[in-house]
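An overview of the molecular structure
This is what each chain is made of:
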Amino acid sequence: MSEVPARPPARKLLVVDLEATCWERRVHRAEDMETIEIGALLVELAEPDAPPREFQAFVRPRERPELSAFCRELTGIRQADVDAAPGFERVFPRFVEWIGPLDGLRFASWGRYDRRQLETDCARHGLVYPFGDEHLNLKHWWAAKRGSKPCGLAQAVVKSGFVFSGEHHRGLDDARNIWRVVRAAAGSAVDELGHAVT
């Protein structure tokens, strides 16, 4: 029986952070959530200290277009921001075009939520989810690297000796902070992000 050849290590890391519609605990239903902001960094793993490319876009939700007061307060995203934005069916293809060729790319986020939300939104809008099964859970990778329990991003920033930069629960600011803590934890072993398993 022949072995399946190992996938070559990724050369680029796509660090994604989404913000989505949300409500207070008593009325929140995960299946109702829709992406309202995509933030991302595209990191060249061969040059981890070079400034990564950045992407940010607001998205107008379709099913429940009015943001809850809870969501606006949590994220700082205004109703006017999403009202003026295109829908997911227009923003997501633009995001994929911004990424460029997907070969040698590794999709990564702080936890599994962002991947699941993108899969849900793609299905909702009849779009192909282009990243396959490849996903690096940076929350678990970071915790394993430090020998600690997984935690939220804000706590990881503090544990890494940093002060949170920008606004927490904003797509691009969160993606930047994710990369800061991951880059610090990786040290000289950044290349392992290209093939780490979580």
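Residues numbered from 1 in each chain as written. Predicted model: local features only at pLDDT ≥ 70, side-chain atom pairs only at ≥ 80, totals over all residues. Heavy atoms only, no water.

Per the secondary structure count, the protein includes seven helices and five strands. Starting at the N terminus and walking to the C terminus, you meet the elements of the protein as β-β-β-α-α-α-β-α-β-α-α-α. Taken over C-alpha atoms, the radius of gyration comes to 17 Å for the protein, in line with the 16 Å a tight globule of 198 residues would show. If one aligns the C-alpha atoms of the protein with their principal axes, the spans along those axes are about 50 × 40 × 35 Å. Computed over 28 positive and 30 negative side-chain charges, the inter-centroid distance for the protein is 3 Å. (Helix = DSSP H or I, 4+ residues; strand = E, 2+ residues; numbered from the N terminus. Rg over C-alpha atoms; globule rule 2.2 N^0.38 Å. Lys, Arg positive; Asp, Glu negative; His and termini not counted. Charge placed at Lys NZ, Arg CZ, Asp CG, Glu CD.)

Attention now goes to the pattern of salt bridges. Summed over the entire model, instances satisfying the criterion amount to 16 salt bridges. The salt bridge partner of Glu24 is Arg26, with a shortest N-O separation of 3.3 Å. Under the relative-accessibility criterion, Glu24 is labelled partly exposed at 39%. The partner of Arg115 in a salt bridge is Asp133, and the shortest N-O contact between them spans 3.7 Å. Of this pair, Arg115 sits in helix α4 (residues 113-124) while Asp133 sits in the loop between α4 and β5 (136-137), placing them 18 residues apart in sequence. We classify Arg115 as buried; its relative accessible area is 18%. Residue Asp133 is classed as exposed on the basis of its relative accessible area, which comes to 70%. (Salt bridge = Lys/Arg side-chain N within 4 Å of Asp/Glu carboxyl O. Buried < 20%, exposed > 50% of the residue type's maximum accessible area, 1.4 Å probe, protein only.)

Moving on to the packing of aromatic side chains. Using the criterion set out here, one finds eight aromatic pairs in the structure. Counting every residue linked through ring pairs, the aromatic cluster contains Phe55, Phe88, Phe92, Phe95 and Trp98. The ring of Trp98 carries the charged tip of Arg53 above its face, separated from the ring centre by 4.6 Å. In this arrangement the basic side chain of Arg180 is found over the ring face of Phe162, its NZ or CZ atom lying 4.4 Å from the centre. (Phe/Tyr/Trp six-rings, centres within 6.5 Å; stacked < 30°, edge-to-face > 60°. Lys NZ or Arg CZ within 6 Å of the ring centre and 35° of its normal.)

In contact at an axis separation of 10 Å, helix α5 (residues 138-146) and helix α7 (residues 171-186) are set at 35° when each is read in the N-to-C sense. In this structure, the crossing between α5 and α7 has a hand that is left-handed. Contacts between α5 and α7 pair Leu138, Trp141, Trp142 and Lys145 from the former with Ile178, Val181, Val182, Ala185 and Ala186 from the latter. Of the residues in the contact of α5 with α7, the class split is eight nonpolar, no polar and one charged. (Axes fitted to C-alpha atoms, helices over the stretch in contact; angles between N-to-C directions. Left-handed = near helix turned anticlockwise from the far one by under 90°. Contact = heavy atoms within 4.5 Å. Nonpolar A, V, L, I, M, F, W, Y, C, P; charged D, E, K, R; others polar.)

Position of Val190 among the secondary structure elements: in the segment after α7. Between the C-alpha atoms of Val190 and Glu47, which are 143 residues apart in sequence, the distance is 9.3 Å. Look past the residues within four positions of Val190 in its chain and what remains in contact with it is Leu45, Pro48, Trp179 and Arg183.

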